[in-house]
Amino acid sequence: MEIEQIDDDHYKYIYNGKEITSFELLRKEHFSEYLKDFIFFLKSGETYTKMIAMYHQFYTVKKAIERTKECVLKGNKPEDSRIGVVWHTQGSGKSFTMLLYARKALKEKTLENPLILFITDRKNLDGQLYGLFSQLNVAKKAESIRDLQETIKTSKGSGIVFATIQKFGRKRTEEYPLLTDRRNIIVIADEAHRSQYRELAQNLRKAIPNASFMGFTATPIELRDKDTYFVFGEPISIYSIDKARKHKVVVPIYYEARLSNLHLTNEKN
């Protein structure tokens, strides 16, 4: 059998010129974990659809859990709160990866019943993500600023809370209040390249100063005043569009670049 390394975490197994895609999965330690943590039944009406993790989701969740444990257990410095960035191309199943991660994190004994806070910057994204998680009894959507603050303040055990970053707004004359000093709070920012660099994000960190942060994005950025890796940490996993196309997870996109023909009818206007 030939073994070809794909990247730091993944290998390809080839026997008699044919790739054996199930070889890595059928390792004893992987197979039992896969059955326990990487299969989910999605309810739609009266029917259920079995959802199973792809290899990039399996390895991403495993690595993210290890990074999370390091942050929560160590976490004495600001840089210790950065779990990292999941950089997966659009269409590769980031929402399902988040679901698998959250279910596994809630069961992790060393995290001691963590509270997981999902942050988006648009109502429709908040609703879509909550819709996927709503089958979990521990999932809750914060309907207002007060509802979010009370939920975080009073939460002592595990749970999943969904909120938009705008709910960390404040009046100009007030400081955003400290809500809890719990260490085992995990903040997951969807579309982490947006809305995570200014006042609202600062208020979030004031409210839960001992939380750990992880970002999901298809387009991390690195600008003078906005840097996804600086805010959330080094990449946990990179699943590029080239890999996704190779694995037939996404379809190729073709476009024609051209200029629009615009004509001014009134130069003064």
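Residues numbered from 1 in each chain as written. Predicted model: local features only at pLDDT ≥ 70, side-chain atom pairs only at ≥ 80, totals over all residues. Heavy atoms only, no water.

(A) Spotlight on the overall build of the chain. Counting its secondary structure elements, the chain contains 8 helices and 12 strands. Residue burial in the chain is summarised as follows: out of 269 residues, 44% are buried. In the chain, the share of contacts with a sequence separation of at least 24, taken over all contacts with a separation of at least 6, comes to 72%. For the chain, the accessible area works out to roughly 16400 Å², and carbon and sulfur atoms hold 50% of it. (Helix = DSSP H or I, 4+ residues; strand = E, 2+ residues; numbered from the N terminus. Buried < 20%, exposed > 50% of the residue type's maximum accessible area, 1.4 Å probe, protein only. Contact = heavy atoms within 4.5 Å. Areas by Shrake-Rupley, 256 points an atom, 1.4 Å probe, with all protein chains shown as cover.)

(B) Quick peek at the pattern of salt bridges. As enumerated under the stated definition, the model contains 11 salt bridges in all. With a closest N to O distance of 3.1 Å, K69 and E66 form a salt bridge. Placement of both K69 and E66 in helix α2 (residues 55–73) is noted, with a separation of 3 residues, approximately one turn of the helix. A salt bridge links D147 to K140; the nearest nitrogen and oxygen atoms lie 3.3 Å apart. A residue is classified by how much of its surface remains accessible, and K140, at 31% relative accessible area, is partly exposed. Through salt bridges with shared partners, a single ionic network connects E33, D37, K62, K104 and K107. (Salt bridge = Lys/Arg side-chain N within 4 Å of Asp/Glu carboxyl O.)

(C) Geometry of unusual backbone geometry. One non-glycine residue, N113, lies in the positive phi region at around 60°. Structurally, N113 is set in the loop between α3 (94–107) and β7 (115–120). Residues other than glycine seldom take positive phi values, yet K248 does so here, at roughly 60°. Structurally, K248 can be placed in the segment after α8 (241–246).

(D) Summary view of the packing of aromatic side chains. This model, assessed by the stated rule, comprises 10 aromatic pairs. Judged by centre distance (5.4 Å) and plane angle (80°), the rings of F58 and Y59 are edge-to-face. Across this residue pair, the class does not change: F58 and Y59 are buried. Consider the rings of F118 and F162, whose centres lie 5.0 Å apart with planes at 10°: the pair is stacked. Remark: F162 occurs in strand β9 (residues 159–164) and F118 occurs in strand β7; sequence separation between them is 44 residues. Comparing F118 with F162 shows no difference in burial state: the two are buried. One aromatic cluster is present, formed by Y34, F38, F58 and Y59 through successive ring pairs. The residue whose ring lies beneath R205 is F213, and the NZ or CZ to ring-centre distance is 4.1 Å. (Phe/Tyr/Trp six-rings, centres within 6.5 Å; stacked < 30°, edge-to-face > 60°. Lys NZ or Arg CZ within 6 Å of the ring centre and 35° of its normal.)

(E) Structural view of a nonpolar patch on the surface. The grouping of L25, F31 and L35 at the surface amounts to a nonpolar patch, some 240 Å² of accessible area in total. Looking at the element boundaries, L25 is found in the loop between β3 (18–19) and α1 (28–37). (Patch = residues over 30% accessible without salt bridge, like charges linked within 9 Å, V, L, I, M, F, W, Y side chains within 5 Å.)

(F) Examining the sheet that holds strand β8 (residues 139–141) more closely. Read from one edge of the open sheet, 7 strands run β8-β9-β7-β10-β11-β6-β12, paired in parallel fashion. The open sheet is flanked by β8 and β12 (235–239), the only strands paired with a single partner. Averaged over all neighbouring strand pairs, the angle between strand axes comes to 15°, with direction disregarded. On the sheet, helix α4 (residues 123–133) packs against β7, β8 and β9 and is oriented at approximately 165° with respect to β9. (Pairing = 2+ DSSP bridges. Axes fitted to C-alpha atoms, helices over the stretch in contact; angles between N-to-C directions.)

(G) Quick look at the side chain of E108. Mapped onto the secondary structure, E108 falls in the loop between α3 and β7. In this structure the side chain of E108 is engaged in a polar contact, spanning 3.1 Å, whose partner is the side chain of T110. Aside from chain neighbours lying at most four places away, what touches E108 is I65 and K69. (Polar contact = N/O pair within 3.5 Å; in protein donor to acceptor, adjacent residues only side chain to side chain.)

(H) Geometry of the packing of α1 against α2. Running from amino to carboxyl end, α1 crosses α2 at an angle of 90°, the nearest separation of the two axes being 12 Å. Taken together, the axes of α1 and α2 lie roughly perpendicular to each other. Residues H30, E33 and Y34 of α1 lie in contact with α2, whose contacting residues are F58, Y59 and K62. Class assignment for the residues of the contact of α1 with α2 results in 3 nonpolar, 1 polar and 2 charged. (Parallel < 35°, antiparallel > 145°, perpendicular 65-115°, else oblique. Nonpolar A, V, L, I, M, F, W, Y, C, P; charged D, E, K, R; others polar.)

(I) Up close: the nonpolar core. Counting 37 residues, the largest nonpolar core has Y101, I116, F118, F133, I160, I188 and M214 as its most contacted members. The greatest single-element share of this core, amounting to 8 residues, is contributed by α3. Those residues within four positions of F118 in sequence are excluded, and the remaining contacts are M98, A102, L129, F133, I160, V161, F162, A163 and I188. Counting 25 residues, the second largest nonpolar core, distinct from the first, contains V85, Y176, L179 and F232. (Core = buried A, V, L, I, M, F, W, Y, C linked by side-chain atoms within 4.5 Å.)

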